[in-house]
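Analysis of the macromolecular model
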Amino acid sequence: MTESLHTEVAVIGAGPGGYAAAFRAADLGMDVTLLDVSPNPGGTCLYRGCIPSKALLHVAKLITDAREAEEWGLKFAPPEMDYDKVRARTRQVVEQMTDGLGQLCRARNVRYIQARAAFINTHTLAVFHEDGAEDTLECAYAVIASGSRPALFGPLIKSPRVMNSTNALKLETIPETLLVIGGGYIGLELGSVYASLGAKVTVVEMTGTLLPGADRDLVAPLQRRLEHLMDAILLNTKVVEMKEQQNGMHVVLEGPDVSNSPQLFDRVLVCVGRSANSSGLNLHDTRITTNARGFIEVDAQRRTAEPHIFAIGDVVGEPMLAHKASAEGRVAAEAIAGMKSVFEPQAIPAVVFTDPEIAWVGLTENEAKKQGVPATVARFPWIASGRASTLSRADGLTKMLCDPDSNAILGMGIAGSGAGELIAEGALAIEMGAVAADLDMTIHPHPTLSETVMESAAAIFGQSTHIYRPPRKERE
Ligand code: FAD
């Protein structure tokens with residue numbers, strides 16, 4: 001039987017964008033219904049993205065640390081893997097978080113419906129339950145938070161040997177040889193997991209650099225380590241053909257260094273970007289517009305061309321990151337409540353959770369050059385950090401970009417252990433309009449890697465205690 005339901009705010013998709021929007025709207029006193037196909041909120045981030053990948057990367061990091069400890073006089077036996085336990089732990093982490101979000105829904109009186117939704121008209125959603133039942137949901141406002149999915153790849157073959165990030169996280173098997181197509185952050189994170197677990201991993205990247213977009217000097221320490229960990233990293237290289245054979249995937253590569261690389265792989269992992277989940281929502285019957293890549297177009301309050309319908313998170317485009325989705329979700333809920341909130345962050349941090357981690361926030365040096373933005377750049381190499389030496393990780397780098405006149409911090413980049421945690425200080429500094437002297441004069445605890453942030457600020461003035469550079473300007 002079809003039920004006609006009513007709500008003030010319907011949120012389609014319960015990822016970090018959708019649940020943040022739903023919770024904020026409920027906290028602001030609205031009647032909220034949150035819809036998603038999964039049994040609990042969490043979305044890509046919790047079920048098949050950020051959280052399971054980081055749980056596996058933690059295992060990979062332990063394996064690497066244990067191996068490298070031999071150099072410090074501590075020798076462990078080679079690890080014995082119980083993959084059922086590894087998988088169970090990852091599942092447990094995910095379930096604990098998603099169950100918790102389910103409880104938070106109930107505590108806030110957010111109605112959670114496990115179903116797929118699509119627009120019938122601009123105030124009515126069709127609600128498709130897994131068992132085939134179909135309801136309608138009338139809403140005064142809607143927030144589209146339907147996220148993204150792995151992009152399809154040209155010569156794609158439907159085969160159990162070809163994985164996307166979702167299948168790869170299931171860790172069904174550790175192949176002897178793995179080809180990772182795409183040297184972006186997802187390819188490198190998952191490639192690192194499989195390589196640490198013993199697979200011979202080859203990464204192919206179409207452009208001339210890993211992590212296109214990130215500054216070269218930040219990528220360099222990662223690339224050096226990955227060259228040891230992986231079987232091969234092939235840049236400027238394309239996969240032009242893939243054929244399934246009985247004994248593996250036969251892959252034809254085109255690029256400058258492909259002559260020695262294997263052509264047969266047990267598995268292929270495709271990580272060539274993500275596509276917007278906008279096509280299944282029946283947006284045709286609304287005035288909502290999408291761009292050429294299918295991302296929904298929104299204004300600063302995340303309002304679509306339909307004034308009572310908002311869109312947030314991956315479905316509105318880059319940067320496709322969980323924390324950006326959540327921040328947009330809160331803005332959309334506040335806009336619905338009539339508040340003057342807008343999504344205008346000064347900077348959104350990005351983190352690659354490889355070993356070493358790479359993180360940046362605000363203006364990058366690449367962007368400064370491309371956009372012709374004048375910037376003073378200072379670098380603090382971790383070879384001069386006591387804490388980095390105690391960790392045997394002196395290969396890191398902290399860099400800062402400042403406005404040459406005001407010394408306002410425009411950007412920060414970090415390569416090294418814990419970069420993902422350290423970058424938050426840069427985000428705060430940029431958001432608060434801090435100048436280099438603010439970070440330089442803030443006493444940071446010793447010995448910590450956070451001192452590298454302070455020292456890179458001091459290096460703007462040529463005054464870093466632990467490096468000597470001819471002075472550039474005096475701090476006033
Ligand atoms: P999603 O999290 O994609 O959630 C959308 C939800 O909507 C999904 O549950 C989907 O099933 C549901 N849905 C779609 N259509 C409908 C419909 N019609 N009806 C009902 N429900 C629907 N980001 C980071 O910030 N840090 C990381 O470390 C990180 N690691 C990642 C690792 C991997 C392997 C992947 C794949 C992604 C990672 N991301 C990371 C990206 C992050 O997961 C996304 O940016 C984030 O999940 C986007 O949130 P969202 O709310 O926009 O959408």
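Look up: the structure comes first, before these words.
Residues numbered from 1 in each chain as written. Predicted model: local features only at pLDDT ≥ 70, side-chain atom pairs only at ≥ 80, totals over all residues. Heavy atoms only, no water.

**Describing the overall build of the protein**
The cut-off we apply is this: For the purposes of this entry, the term helix denotes a DSSP run of H or I that reaches at least four residues, the term strand denotes a run of E that reaches at least two, and both are numbered from the N terminus. Atoms counted for the radius of gyration: C-alpha only. Globule rule: 2.2 Å times residue count to the power 0.38. Here's how the labels work: a residue is buried when its accessible area is under 20% of the maximum for its type, exposed when over 50%, partly exposed in between, all with a 1.4 Å probe on protein chains only. Between two residues, a contact is recorded if the distance between any of their heavy atoms is within 4.5 Å. Per-residue and other accessible areas were derived by the Shrake-Rupley procedure at a 1.4 Å probe size, with only the shown protein chains allowed to occlude residues.
Scanning the protein for helices and strands turns up 13 helices and 21 strands. Relative to the globule expectation of 23 Å for 476 residues, the C-alpha radius of gyration of the protein, 24 Å, shows essentially globular dimensions. A total of 476 residues make up the protein; the buried ones form 52% of that total. In the protein, 63% of the contacts between residues at least 6 apart in sequence involve partners at least 24 apart. As displayed, the protein offers around 22,000 Å² of accessible surface, 52% of which is attributable to carbon and sulfur atoms.

**Concerning the sheet that holds strand 9 (residues 200-204)**
The condition that has to hold: The rule for pairing is simple: two strands pair if DSSP sees at least two bridges between them.
If you trace the 5 strands from one edge of the open sheet to the other, you get 7-14-8-9-10, paired in parallel fashion. At either end of the open sheet lies a strand with only one pairing partner, and these are strand 7 (162-163) and strand 10 (232-234).

**Some details on the nonpolar core**
Our working rule: In plain words, nonpolar cores are sets of buried Ala, Val, Leu, Ile, Met, Phe, Trp, Tyr and Cys residues tied together by side-chain atoms within 4.5 Å.
Counting 39 residues, the largest nonpolar core has Y194, V201, L210, L211, L269 and I358 as its most contacted members. In terms of residue count, the dominant contributor to this core is helix 6 (residues 185-196) (5 residues). In contact with L269, other than residues within four places in its own chain, are M163, N164, S165, A168, L178, L179, V180, I181 and L190. Core analysis: the second largest hydrophobic core is formed by 31 residues, F380, I414, A419 and A434 among them.

**Side note on helix 3 (residues 50-68)**
What counts is decided by this rule: Here the expected length of a helix is defined as 1.5 Å per residue gap, with one fewer gap than residues.
In a regular helix each residue adds 1.5 Å, so 19 residues correspond to 27 Å; helix 3 covers 26 Å between its end C-alpha atoms and thus fits that length. All of the buried residues along helix 3 are P52, S53, A55, L56, L57, V59, A60, I63 and T64. Among the structural elements, helix 2 (43-48), helix 4 (83-107), helix 5 (165-169), helix 6 and helix 7 (216-229) are those in contact with the buried residues of helix 3.

**Some details on the site of the ligand**
Definition in use: The rule for a residue being near a molecule or strand is that one of its heavy atoms must lie within 4 Å of it. Distance and chemistry together define a polar contact, namely a pair of N or O atoms within 3.5 Å, with one atom able to donate a hydrogen and the other to accept it when in protein, and with adjacent residues in sequence counting only for side-chain atoms on both sides.
As a structural note, the neighbourhood of the ligand is formed by 38 residues, with D36, T44, K54, D314 and A322 the closest of them. Between the ligand and G17, the relevant distance is 2.9 Å, taken from an oxygen atom to a main-chain nitrogen or oxygen of the residue. Between the ligand and K54, the relevant distance is 2.7 Å, taken from an oxygen atom to a side-chain nitrogen or oxygen of the residue. Computed on the free molecule, the ligand has an accessible area of 1,000 Å², of which 94% lies beneath the protein chains in the complex. Where the shell around the ligand is concerned, the elements lending two or more residues are helix 1 (16-27), strand 2 (32-36), helix 2, helix 3, strand 3 (111-121), helix 6 and helix 8 (322-336).

**Description of the pattern of salt bridges**
Where charged atoms of side chains with opposite charge meet at close range, the side chains can pair. Rule in force here: By definition, a salt bridge exists where a carboxyl oxygen of Asp or Glu is found within 4 Å of a side-chain nitrogen of Lys or Arg.
Under the criterion given, the structure shown has 22 salt bridges. The shortest N-O distance in the salt bridge between D27 and R108 comes to 2.9 Å. Of the two residues, D27 sits in helix 1 while R108 sits in the loop between helix 4 and strand 3, which places them 81 residues apart along the sequence. The exposure class of R108 is partly exposed, given its relative accessible area of 28%. Residue R393 pairs with D395 through a salt bridge whose shortest N-O separation is 4.0 Å. The exposure class of R393 is buried, given its relative accessible area of 6%. In this structure, a network of salt bridges that share partners links the residues D215, D217, E365, K369, R379 and K399.

**Observations concerning the side chain of E455**
Looking at the element boundaries, E455 is found in helix 13 (residues 451-460). A residue is classified by how much of its surface remains accessible, and E455, at 6% relative accessible area, is buried. Polar contacts involving the side chain of E455 include one to the side chain of S464, which spans 2.7 Å. Only 2.5 Å separates the side chain of E455 from the side chain of H466, close enough to count as a polar contact. Those residues in contact with E455 that sit more than four places away from it in its chain are F380, S464, T465 and H466.

**Quick word on the packing of helix 1 against helix 8**
Helices that pack against each other are described as a pair by the angle of their axes relative to one another and the distance between those axes. Where we set the bar: Lines fitted to the C-alpha atoms define the axes, with helices restricted to the stretch that makes contact. Angles between their N-to-C directions range from 0 to 180 degrees. Just so you know how the angles are binned, under 35 degrees is roughly parallel, over 145 roughly antiparallel, 65 to 115 roughly perpendicular, and the rest oblique. What makes a crossing left-handed is the near helix being turned counterclockwise from the far one by less than a right angle; a clockwise turn instead makes it right-handed. We call Asp, Glu, Lys and Arg charged. Ala, Val, Leu, Ile, Met, Phe, Trp, Tyr, Cys and Pro are nonpolar, and the rest, Gly among them, are polar.
Where helix 1 contacts helix 8, the axes come no closer than 7 Å and their chain directions differ by 30°. On the basis of their axis angle, the class for helix 1 and helix 8 is roughly parallel. Here helix 1 and helix 8 pass one another in a crossing that is right-handed. Between helix 1, through P16, G17, A20, A21, R24 and A25, and helix 8, the contact on the second element is made entirely by A322, A325, S326, G329, R330, A333 and E334. Considered class by class, the residues forming the contact of helix 1 with helix 8 number 7 nonpolar, 3 polar and 3 charged.

**A look at the environment of P262**
Positionally, P262 belongs in the loop between strand 12 (248-254) and strand 13 (264-265). For the pair P262 and L34, spaced 228 residues apart in sequence, the C-alpha to C-alpha distance is 48 Å.

**A look at the side chain of E306**
Its location among the elements puts E306 in the loop between strand 15 (274-276) and strand 16 (309-311). Reaching out from E306, the side chain makes a polar contact with the backbone nitrogen of R287 at a distance of 2.8 Å.

**Quick look at helix 7**
Worth spelling out the cut-off: We define the bend at each residue as the angle formed by axes fitted to the 7 residues ending at it and the 7 residues starting at it.
In a regular helix each residue adds 1.5 Å, so 14 residues correspond to 20 Å; helix 7 covers 19 Å between its end C-alpha atoms and thus fits that length. Approximately 25° is the largest bend angle found in helix 7, and it occurs at L222. Against helix 3, helix 6, strand 10, strand 18 (357-362), strand 20 (397-402) and strand 21 (409-416) lie the buried residues of helix 7.

**Overview of the pairing of strand 20**
With 6 of 6 residues buried, strand 20 lies mostly within the body of the structure. Side-chain alternation along strand 20 places L397, K399 and L401 on one buried face and T398, M400 and C402 on a second face that is also buried. Sheet topology places strand 20 next to strand 21; 6 bridges connect them, and they run antiparallel. Following the sheet pairing, M400 is matched in strand 21 by M412.

Everything listed is a geometric property; what it means functionally is a separate question.
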